[in-house]
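Examination of the molecular architecture
The residues making up each chain are set out below.
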Amino acid sequence: KYSYEQLEQFDKQYVWHPFTQMKSYLEEKPLIIERGKGSYLYDVDGNRYLDGYASLWVNVHGHNDPELNEALHEQIEKISHSTLLGSANVPSILLAKKLVEIWGGKLSKVFYSDTGAAAVEIALKMAYQYWQNIDPVRYKHKNKFISLKEAYHGDTIGAVSVGGMDLFHRIFRPLLFERIEVPSPYVYRMDEYGDEEEIVNYCLKQLEETLEQRHSEVAGMIVEPLVQGAAGIITHPEGFLKGVETLCRKYNILFICDEVAVGFGRTGTLFACEQEEVEPDIVCLGKGITGGYLPLAATLTTEEIYSAFLGEVHENKTFFHGHTYTGNQLSCSVALKNIELIEKRHLVSDVQRKAQALAGKLQKLYELPVVGDVRQKGLMIGIEIVKDKKTKEIFDRSEQIEHKMILEARKRGLIIRPLGPVLTFIPVLAMTDEQLESSVDIIFAAINATVQANKV
Ligand code: PLP
């Protein structure tokens, strides 16, 4: 067994971490996780932490769940992987059937991949080719996508193309295809546009003006339904998503919902789309699909889109896209069990109840001088840290104040993450009421301690 110090040395010597400023990382003591149980993670020295970011927003039932483990064991005894190229396999068939049943039949086909970004990439290629397949002359110019300001859809080149987060995407701009950006209702930072309803109306009006002028060039619009996660848990007011759907229909462009972050119970319904009763043409799923166990993603679409890819062999309407581990048996079998357990354990109504109970407790954070906004949709929570509550000015990025806060939280046994000036608390969905409450107490204490120590 290696000591913490040896592992730390190997980590720093050999591993390049995603999204990480490696020079700063090398100066820190990394957290090295060894095991997990329920809502807790344990490091190699046996210290215990509440998983307040659900291991990057994926964990549903907790770590090391006996029933999910058993489903995996059962499958691994049969086979771990065979391909979906030219053959099928049992778990991927059953999972597709289940997903289609859940979506109520309008989405009738499931295309598998292995990360959220790939599910998005597939959605974009599918949408573009759909128009080309149905009429390449008439729809010759439908080769652009609309997405929201500060959108995040993953890190592959297509997903980055439709992304709007300058910090992540700016450097790659010269490599990307053209995107049309429209405003999103970031209520906290749009005072000048009025109240929630007026902000939604403004955003939809901008979208409509864009579509009026450019719909013939647009293949589709991609949105994160209800909450823009990576942008800092920007929760959209009621009516926005429905309004987007209405305009997509009016101007004959495809409506693509990226449920990668919000799907599988996170916002208090199994899928976020349910809350506004929208019916997308394409849906991207990932993250929580396997309960946080294994990589898997899926792009779901309608019979209408799927049938545009049928045609005769010589017509070349085939969708030329695929990944080696597409429809992997282990991932699909654990995903099936995850969905079965979501139903059996009434997880969705439980998330709703817990989220409601937590809402009052979260208000207490406003007592802190640096908490400007607390946003919540289900168990997706963002706490925006500001230097001045009136002007809403954020701290200088070089101060890394939010990073200091999460280190204080870690000292107190809670793992959370900052996204720019926003602390994000995205707990394991099965976290108990007591664990959720004590997490908020830790967040309060961590912010307070940072404020005191830095005299801000
Ligand atoms: N789409 C959304 C809305 C996301 O939040 C993410 C990841 O955070 C992705 C896509 C990309 O998923 P992955 O990291 O699995 O590629």
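All residue numbers here refer to positions counted from 1 along the written sequence of the relevant chain. In keeping with the predicted nature of the model, local features appear solely for residues at pLDDT of at least 70, side-chain atom pairs appear and are counted solely at 80 or more, and the whole-chain, interface and lining totals rest on all residues.

Here we look at the UniProt feature "modified residue: N6-(pyridoxal phosphate)lysine" (unreviewed entry) in the protein chain
Under the UniProt annotation, "modified residue: N6-(pyridoxal phosphate)lysine" (unreviewed entry) lies at Lys-287. In this fold, Lys-287 is placed in the loop between strand 11 (282–285) and strand 12 (297–302). Working definition of burial: number of other C-beta atoms within 10 Å of the residue's own, with buried at 20 or more, exposed at 12 or fewer, and partly exposed in between, all C-beta atoms being placed from the backbone. Overall, the presence of 28 C-beta atoms within 10 Å leaves Lys-287 in the buried class. Our contact criterion uses C-beta atoms placed from the backbone: two residues qualify when those atoms are within 7 Å. Beyond its immediate sequence surroundings of up to four residues, Lys-287 is in contact with Trp-57, Val-58, Gly-116, Val-260 and Ala-261. UniProt positions are given in the numbering used here, feature names are shortened, and annotations may be inferred rather than shown by experiment. Counting from the N terminus, the helices are DSSP H or I runs at least four residues long and the strands are E runs at least two residues long.

Regarding helix 5 (residues 90–102)
In this model helix 5 runs 19 Å from its N-terminal to its C-terminal C-alpha over 13 residues, within 8% of the 18 Å that 1.5 Å per residue would give. Among the residues of helix 5, those classed as buried are Pro-91, Ser-92, Leu-95, Ala-96 and Leu-99. Burial along helix 5 is one-sided: seen end-on, the buried residues are contained in an arc of 130°. Turned more than 90 degrees away from the buried face of helix 5, the exposed residues are Lys-97 and Glu-101. To estimate how far a helix should reach, multiply one less than its number of residues by 1.5 Å. Read the arc as the range of directions from the helix axis to the C-beta atoms.

Regarding the domain arrangement of the protein chain
Split by domain assignment, the protein chain resolves into domain 1 (31–61 + 346–454) and domain 2 (69–344). All domain edges in this entry derive from an automatic or database-based domain assignment. Computed from C-alpha coordinates alone, the two centres of domain 1 and domain 2 are separated by 27 Å. The partner domain 2 presents 24 residues to the 27 residues of domain 1 that form the contact. Those elements that place two or more of their residues in the side of domain 1 that touches domain 2 are helix 3 (54–57), helix 13 (347–363), strand 13 (371–377), strand 14 (380–385) and strand 17 (422–425).

Considering the pairing of strand 14
In terms of burial, strand 14 is largely enclosed, as six of its six residues are buried. Residues Met-380, Gly-382 and Glu-384 line one face of strand 14 and the alternating positions Ile-381, Ile-383 and Ile-385 line the opposite face, and both faces are buried. Taken together, the six bridges between strand 13 and strand 14 define a ladder with antiparallel strand orientation. Bridge assignment links Lys-377 to a residue of strand 14, and that residue is Met-380. The rule for pairing is simple: two strands pair if DSSP sees at least two bridges between them. Remark: two residues form the turn of the hairpin made by strand 13 and strand 14, two consecutive strands paired antiparallel; Gly-378 in that turn has positive phi of roughly 60°. As paired elements, strand 14 and strand 17 share four bridges and run antiparallel to each other. Bridging from a neighbouring strand, Ile-383 pairs with Leu-423 of strand 17.

A look at the sheet that holds strand 1 (residues 33–37)
Each strand in a sheet pairs with another by means of backbone hydrogen bonds, the pair being arranged parallel or else antiparallel. The strand order 1-2-3-15 describes an open sheet built from four strands, whose pairing is mixed. Each edge of the open sheet carries a strand with a single partner, namely strand 1 and strand 15 (414–415).

Observations concerning the environment of Thr-324
On the secondary structure map, Thr-324 appears in the loop between helix 11 (303–307) and helix 12 (329–344). For the pair Thr-324 and Asp-114, spaced 210 residues apart in the sequence, the C-alpha separation amounts to 9.4 Å.

Points about the pairing of strand 10 (residues 254–258)
Counting buried residues in strand 10 gives five out of five residues, a clear majority hidden from the surface. The alternating pattern of strand 10 places Leu-254, Ile-256 and Asp-258 on one face and Phe-255 and Cys-257 on the opposite face, and all of these are buried. Two elements, strand 7 (residues 218–223) and strand 10, share four bridges in a ladder whose sense is parallel. Bridge assignment links Val-223 to a residue of strand 10, and that residue is Cys-257. Where strand 10 meets strand 11, three bridges bridge the pair, whose relative direction is parallel. Each residue of the ladder has a partner; that of Cys-257, found in strand 11, is Val-283.

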